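If you want the building blocks of each chain, they are given just below.
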Amino acid sequence: MPKDFGIGAPQKRREDIRFLTGRGVYTDDLKIAGQTYAVFCRSQVAHGRIVSIDTTATAAMPGVLAVFTGEDFKDVGGNPAGWLIKSRNGEPMREPKRPVLAHGKVRHVGDAYAAVIAETYQQAKDAAEQLAADTVIDELPAIVDMAAAVADASNRVHDEIPDNLCFDWGWIEDNRAKVEEVFKTAPHVTTLELVNNRLVPNAMEPRASIGEYFPGTGDYKLTTTSQNPHLTRLLVAAFVLGIPENKLTVVAPDVGGGFGSKIYHYGEEALVLAAAKKLGRPVRWTAERTESFLSDAHGRDHVTKIELACDKQGNFLAFRTETLANVGAYLSNFSTATPTFLHGTLMAGPYKVPAVYVNVKTVFTNTAPVDAYRGAGRPEATFSLERVIDKMCRELNLDPFEVRRKNFITTDMFPYTTPVGLVYDTGNYQATLDKAIEVGDVKGFEARRAESAKRGKLRGLGLSTWIEACGIAPSHLVGVLGSRVGLYDAATVRVNATGNISVMVGAHSHGQGHETVFAQIVADKLGIPEASVEIVHGDTSKIPFGMGSYGSRSLAVCGVAMTKAVDKIVAKGKKIAAHMLEASEADISFENGKFSVAGTDKAKTFGEIAFSAYVPHNYPLETLEPGLEETAFYDPNNFTYPAGAYLCEVEVDPDTGKVQVCSFTCADDFGNIMNPMVVEGQVHGGVGQGIGQALCENTHYDENGQLVTGSYMDYAMPRASDVPFYTVDYSCQTPCTHNPLGVKGCGEAGAIGSPPAVVNAVIDALHRGGIKVSHIDMPVSPARVWSAIQNA
Amino acid sequence: MPKVTMRVNGRAVSGEVEGRTLLVQFLREGQGLTGTHVGCDTSQCGACTVHVNGAQVKSCTVFALDVDGAEVTTIEGMANPDGTLGRIQQAFQDHHGLQCGFCTPGMVMAAAALLAENPKPTEAEVRHHLEGNICRCTGYHNIVKAVLAASGQDVSAIAAE
Ligand code: FES
Ligand code: FES
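Residues numbered from 1 in each chain as written. Chains lettered and ligands numbered in written order. Predicted model: local features only at pLDDT ≥ 70, side-chain atom pairs only at ≥ 80, totals over all residues. Heavy atoms only, no water.

Asker: Looking at this structure, I do not really get the overall build of chain A. What am I missing?
Answerer: Check the secondary structure of chain A and you find 19 helices and 28 strands. Taken over the C-alpha trace, chain A has a radius of gyration of 27 Å; the compact-globule value for 792 residues is 28 Å, and the two agree within 12%. The long-range fraction of contacts in chain A, counting pairs at least 24 apart against all pairs at least 6 apart in sequence, stands at 80%. Surface summary for chain A: the accessible area is close to 25,900 Å², and the carbon and sulfur share equals 52%. Averaging the coordinates of the 74 positive side-chain charges in chain A and doing the same for the 92 negative ones gives two points 2 Å apart. (Helix = DSSP H or I, 4+ residues; strand = E, 2+ residues; numbered from the N terminus. Rg over C-alpha atoms; globule rule 2.2 N^0.38 Å. Contact = heavy atoms within 4.5 Å. Areas by Shrake-Rupley, 256 points an atom, 1.4 Å probe, with all protein chains shown as cover. Lys, Arg positive; Asp, Glu negative; His and termini not counted. Charge placed at Lys NZ, Arg CZ, Asp CG, Glu CD.)

So, in structure tokens, the structure goes:
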């Protein structure tokens, strides 16, 4: 029986009421007295030298209040990369300054080089058009292809970086020679070259920002579409504009999805703040979808060669990869961590492979910046591994289920140290594989295949067994790895005098349902109704300094901080109760919302204790402060390691190359589950995005660096009829061993595990149809499948 | 500037608009009805879906002037008269058919139009009808389930819950 309240209950979401009635408040919904509108001039060319920007005519246009160019910001700080990565030779990465507005050069189509502020949106738009016409940019040859970028030192995205290389990273460099040895003597080596396609995150709410300045106090306020208001505040205040942190409030109200793209600080945020100060009026900006395509940080974009060494029975001996990872034109905040420590460290998968070496060259190109997108690095690692394993199975005629099974780390091996530097605390990969086989009815596949064949369709079955490191992240570890921030989180539990509770959390919900789930946890722990707990997030003037939501960290880091703060509340409550009940503190127990003296019927309710804390007439004031409010910061001492097995069944139409996903089965181990309904929803969303990556989504820059797929007319977002109902099982649970909730995080799993399952299914279908194709790059579009069939 | 008059959620409203003012701008900026969202600039995402004289319309594709005199319903008009969630809205909450909520108003309006026309749609019909509404969060599973449930069909067999 599922519980009907508290931890583990499939509680319906309270935030839904406002979203379903049109009363959510997203940034663009706000109307502020005196507001003005910013519109950006964005480069039409991928690479060019700014010769001149003549603002005279623009400034004289109706309604125009101000014009900004890169010149105005040339002396302010740059938007930094959050991680310093070192190359194999020990040199620090090349780190070009990322300006608020492009200065000197434009480096990708959509790179903003000027902004116009006007009374109305239309006036600003018209004026920006004028300014674009009065701007002279000398076009330079575009650098689009990564291999060419590294090979040609004469053409540079950043003049000071000769080979367009940000860094050349080896992980773990000391293992390089050892891995080479294994490959030399291995009985079998499978090699696969693949592309992990660039994706545009496409949160449905476009980015938007409103800057305000209050001259009376010198305070600034930024309302923005952010997954992490404190991180944004830190970046804007300390690095970019030099505003004292305590003079800037950042508010991220309702945010319509993020998927990584709203982690980062973008120049538009700094611009609206600087403009608000200059004009003494609020300045607002909302991206059009085209601007989002051009200027949001994109995801993935790896070109990888992976090699697998094994014996003839398929026992893994070593993995080795060489990857070119695109960072685009500038370093976005997490862009250097994504292809390295979120990717290379996962390259052992759930397998007991003894030797692994990962090499990543990260390359500047004249394209939009690339950064973390749902899964971030881990989908790339998983895709490479799960595809090469399938290819090896085919080459050696081995069963892909059995090969994975015999290579799994077994339950008696935990904690398990991988050759790529992680310590998996717990897991049961056999169990999730068995579960997927059962729930996905693998036994019945042959009958379904025969039925498809009758209709002229090729049916295939694809498997992927994945692991990820999330709950990002232990500061002591990430510090060693080059992170410039800590990755703890924080929560304040404020019990009000009347006994209801406000919980201020550093995590940010932009669809995940924290307002409901976090309240379930607090209510459960305190034995009070969920309705008396309110979750407050997204406003730096209200919440403690937390790091926000990404990397499946909300529950595993912030949720744990919250429970620690609740523990402090209970501890203080016991002291108050001991005084009121004239008992010793050691004899007070707390259960079901009551503090009672062991062995007696003397008790005080939680509400009575709260009241007494704020009306301390009978209270141990000499030894205890009044009030009942506690804050906890939590820094995990390891990552969490969700894992699972995903099965995909597809039908391929051999005449058209069209792939239809018939079923998708997930068997996940997320540790303990707080709200199964929300967990399933997270997996559904991730799988939907993964199917999108595998079958539909293609980000195409042509040789001139023009984004050909810059709208929903050209960029194929998965639609309702592209996906099936998914089956999600989370009954295999090995609770995380190092956080008190035993949770692991579930936000990215679907996007990590699904792309290889889909592609493996397509290749399987083709092989069963006698078409010996070893690989098709994503998106596995009808055109690509059809040509693969023709060329086979 | 020309004046436009219409009934929005049963209330007569009017305002001055430019010829180029879109219905969605009139609703959001003129009437403060910010439940109708803008998710794209190519009439593809459906976040702006409303009903005009009972028909499903993407409010980013029509000028306010073109619907002069019309009866417009937005997400703000979909609750029951007592303020509780309407049938479709309730089904979305019951089946977790929304996450970030940004596509949700458009989804609800599209679903309402479908059910008005086809009270017992099949799964395929629901998916087909939602072709013009993009959701990035839910993978559509629970949206389709919610629409089927709102139509009174038994959805208990759809995947584990
Ligand atoms: S905003 Fe109307 S379809 Fe996207
Ligand atoms: S719920 Fe976020 S886009 Fe649909």
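Asker: When you look at the sheet that holds strand β18 (residues 458-467) of chain A in this model, what are you seeing that I'm missing?
Answerer: Neighbouring strands of a sheet are bound in pairs by backbone hydrogen bonds; such pairs are parallel or else antiparallel. All names here are of chain A. With mixed pairing, four strands are arranged side by side in an open sheet as β18-β26-β27-β28. Two strands bound the open sheet, and with one partner strand each, they are β18 and β28 (726-729). For this sheet, the mean angle separating the axes of adjacent strands, direction not counted, is 10 degrees. Alignment of strand β26 (residues 643-652) against strand β27 (residues 659-669), held across 10 bridges, turns out to be antiparallel. Looking at β27, one finds that V650 is bridged to V661. (Pairing = 2+ DSSP bridges. Axes fitted to C-alpha atoms, helices over the stretch in contact; angles between N-to-C directions.)

Asker: Honestly, the packing of aromatic side chains in this entry has me stumped. Any pointers?
Answerer: Within a pair of aromatic rings, the relevant descriptors are the distance that separates the centres and the angle that separates the planes. Residues and elements named next belong to chain A. Per the stated rule, a full pass over the model turns up 26 aromatic pairs over all chains. Where Y646 meets F664, the ring centres are 5.7 Å apart and the plane angle is 80 degrees; that geometry is what we call edge-to-face. Within this pair, whereas Y646 is found in strand β26, its partner F664 is found in strand β27, the two being separated by 18 residues in sequence. Classification of F664 as buried rests on a relative accessible area of 0%. Clustering of aromatic rings is evident, with ring pairs tying together F316, F319, Y351, F408, F414 and Y429. Between the NZ or CZ atom of R207 and the centre of the ring of Y266, over which it lies, the distance is 3.5 Å. Its end group placed over the ring of F68, K278 keeps NZ or CZ at 5.1 Å from the ring centre. (Phe/Tyr/Trp six-rings, centres within 6.5 Å; stacked < 30°, edge-to-face > 60°. Buried < 20%, exposed > 50% of the residue type's maximum accessible area, 1.4 Å probe, protein only. Lys NZ or Arg CZ within 6 Å of the ring centre and 35° of its normal.)

Asker: Teacher, can you tell me more about the interface of chain A and chain B here?
Answerer: It is common to report an interface's size as the accessible area lost on association of the parts. In this complex, chain A contributes 57 residues to the contact, which on the side of chain B involves 51 residues. Across the chain A to chain B interface the summed buried area is about 4,600 Å²; carbon plus sulfur atoms make up 56%. Per-residue buried area on chain A facing chain B is highest for L20(A), M204(A) and F725(A); these three make up 19% of the total on that side. Remark: the boundary between chain A and chain B carries five salt bridges. (Buried area = accessible area lost by both parts, 1.4 Å probe. Salt bridge = Lys/Arg side-chain N within 4 Å of Asp/Glu carboxyl O.)

Asker: Even after reading the chapter, I still don't get the environment of V650(A), so can you show me in this structure?
Answerer: All names here are of chain A. Among the structural elements, V650 can be located in strand β26. Distance from V650 to Q660, taken between C-alpha atoms, is 5.5 Å for residues 10 residues apart in sequence. Apart from the residues within four sequence positions on either side, V650 is in contact with L458, R459, G460, V659, Q660, V661, C662, V758, A761, V762 and A765.

Asker: Just checking my understanding: could you explain the domain arrangement of chain B for this structure?
Answerer: Residue and element names in this part refer to chain B. Its domain assignment divides chain B into domain 1 (3-76) and domain 2 (87-150). The C-alpha-based centres of domain 1 and domain 2 are spaced at 21 Å. The partner domain 2 presents 14 residues to the 16 residues of domain 1 that form the contact. Buried surface at the junction of domain 1 and domain 2, summed over both partners, amounts to about 1,100 Å²; 61% is from carbon and sulfur atoms. The interface formed by domain 1 and domain 2 includes zero salt bridges. Here domain 1 and domain 2 share seven residue pairs in polar contact (both at pLDDT 80 or more) between them. Of all elements in the fold, only β3 (49-52) and β4 (55-58) reach the threshold of two or more residues within the side of domain 1 that touches domain 2. Per element, the largest residue contribution to the side of domain 1 that touches domain 2 is three residues, and it comes from β3. When the residues that make up the side of domain 1 that touches domain 2 are grouped by side-chain class, the tally is five nonpolar, 10 polar and one charged. (Domains from an automatic or database assignment. Polar contact = N/O pair within 3.5 Å; in protein donor to acceptor, adjacent residues only side chain to side chain. Nonpolar A, V, L, I, M, F, W, Y, C, P; charged D, E, K, R; others polar.)

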